[in-house]
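# Structure at a glance
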Amino acid sequence: MTTQLPPYEVRNFFAQPFYVQDDTGIHVTSVDLFFSRVDDTLPVTVEIRTMEGGVPSNVILPFSQVTLRPDEVSTSLNSTASTKFTFPSPVYLSGPSQQNVRGNADINRLTKEYCLVVYSSSPKYEVYTATLGQQDINPDVEQSASRTPSLRGLFKPQISATWSESETEMLKFVLNRASFTTDGGLVRFFNTTLDTPQNHVHVTSNDNFIALSKKIIVGLGSTGYNPSDIVPGVTITQDVSGATAKLTGIGGSITIGAGATISNVGTGYTDGTFTDISLVTETGFGKDAKATIGVVSSGIATVTITSGGSGYVIGDSLLIGDIGQNVGFGGKLTVISTSSNNSLVLDNVQGTFTVGISTLNYINSSGVTTSVGAGVTISSITEDQYYDGLHMKVIHPSHDMNSTQNYIKISKFRPELSGVNSTLTDEVLSTQTTPIALSSTTGFDTFEGLTVSASNPGYVIIGEEVIEYTGIAGNTLTGITRAIDAPFIRGTSTVVSYGIYPVDTYVYKYEINGISLRRINKVHNFAEVDNTSVHPINIDSYFIKIDVSDTDFDGKTIGKDRTGDLHFAETRTIGSYGTNVTQNIQFSSLKLNIKHEILPSTNISARLRTFSGTSSNGSESSFVDNGYEEVSLDKTNYFNNPRLVASKVNEDIFTTESPGNRSLTLEMLMTTTDDRVTPIIDLENASLTLESYRLNQPISTTEYSTDDRVRSLYNDPHAAIYISKPIYLSIPANSLKVLLSGYLGQNGNVRVLYRLFRNDSPDQSINYELFPGYLNYSVDGNGIKRVIDPSANDGTQDTFVSQGTNSELTDFEYTADDLPYFDGFSIKIIMSGTNQADPPHLSDIRAIANVKPNVW
């Protein structure tokens, strides 16, 4: 195609058809056109379309459209200068197809036809074309144009929106195809770093943090003080140690006789009178109390305190210890009076109270400090392990950080609007490190309870910038150091530039509930949390511990060691909307959402490198490299244990041997046996679908019969719960059966409960009752199954069924007979387990209520 006619003007469109004769098809990468003239400003566009019915269609092939500016187009007077239009991605053009012609056994080849379309809004563009039989104007070419098997004549648009073919004219162009290596090519994908709110960093709402104050009970060496002067609410201090606290209760012995009342009669106890029964403290610090307990109709009926013990406070809740055959549960007492007051219950402790040192003082409502009493000293100190003043509970749904190996980073935790604040009276310039003038410095003179000084600097936040100060002079903050922890450095000049803040900008003390926010807005280590049984990691929450000895904040050694004397000021919810907290993404199945095409003679295989996760209440180790494993391109891939995409802070610590520290790597190997074709992967919309199950096991499998939380409609700690709507009956029933098909999983557990409704009792209990379970049945002499002990109901099925394998379903039955007549019921199903990748599966849930005769 080297012969030339006078240049053809490109006014709207023209299209040059061509055929692809390669059986495999080809991938074209670019097209060369030959221009003699261009416009001064308007561009020109090239695209590849399909042909339909022998004429150009409106279907543009993906990635085949390219537009060039005039300065990118080359021209010549003899068609020697080419202009290359390079496609953004190789464009696949399929080859001939084969078809059986009706009535003929022969197979005909149907060639695939496309067209190259060139257009511009300007009539000034001119390209070179060829006319059959004409000589090429290029002096180096000594041949005339002739028909080729792969081309048809040029199509020109008509006013009627149709195309007209000029059978003797053809466009001069060169279509370039790719030649692929047959050694294969590797595409590697990595997870996005989880370090911003757009990339799966949790943004909290209001009050998502619960700060825990320090609580202790102080045993007194003497009771020589007047209780009328010392009442809950006063401040208790110790001279020598400088410690302070709020008095919340006065502890002593439970009054002998009627010092406690029954708050819950419980159920399942052996009838009779039992003496010298130890009382178990549920709330408070009391110990050693004993009582005589009377049981009637399986419930606690009478209580007489016989030994008052010590350290009890009015309102403490006590549990009944072992009595009779030790089969009952649920009995509770409440302390209503005490005597021989011998201890003080203190909250909001700051500093350290010391045993044996006097003098203890109290500050009354008038602010007067008075000695607690002559000779009154501290004989013992008992610390509350939960309320230690250093832990903070974080409400964080589905955080996927179930192992104590995890680290989290908290940022943008801001002071409360009601906290110590002021406004600027002078503008703060971008390079200013001189004193900062405020409308008032009230409250800024102390920080974390101590006077601000060079050895105990204070901090404020203006906008997003944290600023240090070391003193107060009038209404100014002095000893200024800008951009602490979160630098706001602007520009690249030798003069360091920070934020510019106008007059009336708010200034907040960088502190919350008595603790510097520098101790909160940092990286926290779960391993530092004390006693995981007291401060556990739950599926939607966890605890962090404030390090009051920390003087190193993100590598800056400005701070004060406050070991032993600094705690949260009080127990309360804190935190406003917008705090950022990092989290993992845990998954047990994965689906590749990557569009791809495997052409003849090509193939794509995929493999995945993952790191392990930990189930809620599970024992797996996190961040273990699982190596590579083959995955399906088109089907959901299931794993037998949890995997995770780790937060950036965890990746930087635990996955350093992976490229870029990434915790998920996908490799796709592209191969071909023919250099004309390659498999295709669409990189524009590549994503993964990750799924996990909300499954935990917050209660031991042996404690369902005694843990009242499982019966609750609102306080059940399980993550996987099914509750049916109330089902009302036309005829009252006294027996209930639940049938279902299920798979428990290797470590799974299913418990079933019921709740009954009666028309003659509108005040229904909101609690559920457990089905008896296979361990709580016996067969009597008449061959009838009887419940051994109602207090031992555990919600398991009627007969033992072993844990399933290979996800096969098993039929389960749950039966409760000899019930009081009821007019309606609701079913509650609890699912638990210690492997979130292998949860119980349930189907075909049915319930049958009927009337059975009582046979005794």
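Residues numbered from 1 in each chain as written. Predicted model: local features only at pLDDT ≥ 70, side-chain atom pairs only at ≥ 80, totals over all residues. Heavy atoms only, no water.

### A few points about the overall build of the chain
The criterion, for reference: Helix and strand definitions here come from DSSP, where helices need a minimum of 4 consecutive H or I residues and strands a minimum of 2 consecutive E residues; each element is numbered from the N-terminal end. Any two residues having at least one pair of non-hydrogen atoms within 4.5 Å are treated as being in contact. Accessibility throughout is a Shrake-Rupley quantity obtained with a 1.4 Å probe, and a residue counts as covered only by protein chains that appear here.
Tallying secondary structure elements over the chain gives 1 helix and 68 strands in all. Nonlocal contacts in the chain, meaning residues at least 24 apart in sequence, comprise 75% of its contacts between residues at least 6 apart. Accessible surface, the chain as shown: approximately 39200 Å² in total, 49% of it carbon and sulfur.

### Section: the pattern of salt bridges
Counted only if it meets this: Think of a salt bridge as a Lys or Arg side-chain nitrogen and an Asp or Glu carboxyl oxygen that are within 4 Å of each other. With a 1.4 Å probe rolled over the protein chains alone, any residue whose accessible area is under 20% of its type maximum counts as buried; one over 50% counts as exposed, and the rest are partly exposed.
Enumeration over the complete set of coordinates arrives at 34 salt bridges. A salt bridge links E169 to K156, with the shortest nitrogen-to-oxygen separation between them at 2.9 Å. In this pair, E169 sits in strand β16 (residues 169-171) while K156 sits in strand β14 (residues 154-157), placing the two residues 13 residues apart along the sequence. Looking at E169, the relative accessible area reads 13%, which means it is buried. Here E448 and R519 are joined by a salt bridge, their closest N and O atoms 2.8 Å apart. One end of the pair, E448, is in the loop between β38 (446-447) and β39 (450-451); the other, R519, is in the loop between β46 (515-516) and β47 (523-525), with 71 residues separating them in the sequence. As far as burial versus exposure is concerned, E448 and R519 are alike and both buried. Here the salt bridges do not stand alone but share partners, grouping D22, D674 and R676 into one network.

### Here we look at the packing of aromatic side chains
The criterion, for reference: Pairing of aromatic rings covers Phe, Tyr and Trp, the last through its six-membered ring, and needs centres within 6.5 Å; plane angles under 30 degrees mean stacked, over 60 mean edge-to-face, and all others mean tilted.
What the rule picks out here adds up to 18 aromatic pairs. A centroid spacing of 5.5 Å and a plane angle of 70° characterise the contact between F447 and Y459, whose relative ring orientation is edge-to-face. Taken together, the residues F447 in strand β38 and Y459 in strand β40 (residues 458-462) connect sequence positions 12 residues apart. Pair check on accessibility: F447 and Y459 agree, each one buried.

### Concerning the confidence of the model for the chain
What counts here: The score called pLDDT rates the predictor's confidence residue by residue, from a low of 0 to a high of 100.
Per-residue confidence for the chain gives a mean pLDDT of 88; residues scoring 70 or more make up 90%. Low pLDDT (under 50) marks residues 1-11, which in the prediction has 52 contacts with non-local residues, meaning those over four places away or in another chain.

### Considering the environment of F18
Along the chain, the position of F18 falls in strand β2 (residues 13-20). Through-space distance from the C-alpha of F18 to that of C115 is 5.7 Å; in sequence the pair is 97 residues apart.

### Examining the side chain of R711
Positionally, R711 belongs in the loop between β58 (687-691) and β59 (720-723). Judged by relative accessible area, R711 falls into the buried class, the value being 6%. Setting aside anything within four residues of it in sequence, one finds R711 in contact with F329, Y704, S705, L753, I766, N767, Y768, E769, L770, N793 and K828.

### Side note on a nonpolar patch on the surface
Threshold: Patch criteria: residues need more than 30% relative accessible area and no salt bridge. Like-charged residues are merged within 9 Å; nonpolar side chains of Val, Leu, Ile, Met, Phe, Trp and Tyr are merged within 5 Å.
Residues I731, Y821 and V851 make up a contiguous nonpolar surface patch of about 320 Å² in total accessible area. Within the element layout of this structure, I731 appears in strand β60 (residues 727-733).

### Observations regarding the environment of V240
Within the element layout of this structure, V240 appears in the loop between β22 (235-238) and β23 (244-254). With 119 residues separating them along the chain, V240 and T359 place their C-alpha atoms 7.5 Å apart.

### What about the pairing of β40?
Formally: We call two strands paired when DSSP finds no fewer than two bridges between them.
When you tally the buried positions in β40, you get 5 out of 5 residues, the bulk of the element. Both β40 and strand β41 (residues 465-469) contribute to a ladder of 5 bridges, which runs antiparallel. Paired with I461 across the bridge in β41 is V466. In sequence, β40 turns back onto β41 through a hairpin of 2 residues, with G463 there showing a positive phi of about 65°. As defined by bridge partners, β40 adjoins strand β44 (residues 506-509) across 2 bridges and the pair is classed as antiparallel. Its bridge partner lying in β44, V460 is registered against K509.

### Quick notes on empty space enclosed by the protein
Regions of empty space are outlined by a rolling probe, equal in size to a water molecule, passed over the atoms. Formally: In this analysis a 1.4 Å probe is tested at points of a 1 Å grid over the protein atoms alone, and where it fits but cannot get out there is a cavity; an open set with protein on both sides within 12 Å along at least five of seven lines is a pocket; lining residues have an atom within 4 Å of a point. Grid points are joined across faces, edges and corners, and a volume is the space filled by probe spheres set on the points.
All chains considered together, the criterion is met by 5 cavities of 30 Å³ or more. In this structure, the second largest cavity spans a volume of roughly 50 Å³. Residue lining of the second largest cavity: P772, Y777, K785, R786, V787, T815, A816, D817 and D818, and that is the complete set. Looking at the lining of the second largest cavity, the elements that each hand over two or more residues are β65 (785-787) and β66 (810-816). Broken down by element, the lining of the second largest cavity gets its largest block of residues, 3 residues, from β65.

### Some thoughts on the sheet that holds strand β21 (residues 214-220)
What counts is decided by this rule: The axes are straight lines fitted to the C-alpha atoms, using for helices just the contacting stretch, and the angles between their N-to-C directions are given from 0 to 180°.
What the 7 strands build is an open sheet, ordered β32-β31-β22-β23-β30-β21-β33; its pairing is antiparallel. Of all strands in the sheet, those bounded by a partner on one side alone are β32 (369-371) and β33 (378-388). The average angle at which neighbouring strand axes cross in this sheet is 40°, direction not considered. One ladder, built from 3 bridges, connects β22 with β23; its direction is antiparallel.

### Topic: the pairing of strand β61 (residues 735-743)
In terms of burial, β61 is a largely internal element, 8 of the 9 residues being buried. The pairing of β61 with strand β68 (residues 841-850) spans 8 bridges and is classified as antiparallel. Residue L736 lies in a different strand from β68, and its bridge partner there is A849. As judged from the 7 bridges shared by β61 and β66, these two strands associate in the antiparallel manner. Its bridge partner being in β66, L736 is matched across the sheet by A816.

### Thoughts on the sheet that holds strand β43 (residues 476-478)
Read from one edge to the other, the open sheet built from 3 strands follows the order β37-β43-β42, with strand pairing classed as antiparallel. Two strands in the sheet have a free side with no partner beyond their single neighbour: β37 (436-437) and β42 (471-473). Two elements, β42 and β43, share 3 bridges in a ladder whose sense is antiparallel. Following the sheet pairing, I472 is matched in β43 by L477.

### Brief notes about the environment of Y814
Assignment of secondary structure puts Y814 in strand β66. With a relative accessible area of 0%, Y814 lands in the buried category. Counting along the chain gives 75 residues from Y814 to L739, while the straight-line C-alpha distance between them is 6.5 Å.

### Concerning unusual backbone geometry
One non-glycine residue, D288, lies in positive phi territory at about 75°. Structurally, D288 can be placed in the loop between β25 (272-281) and β26 (290-296).

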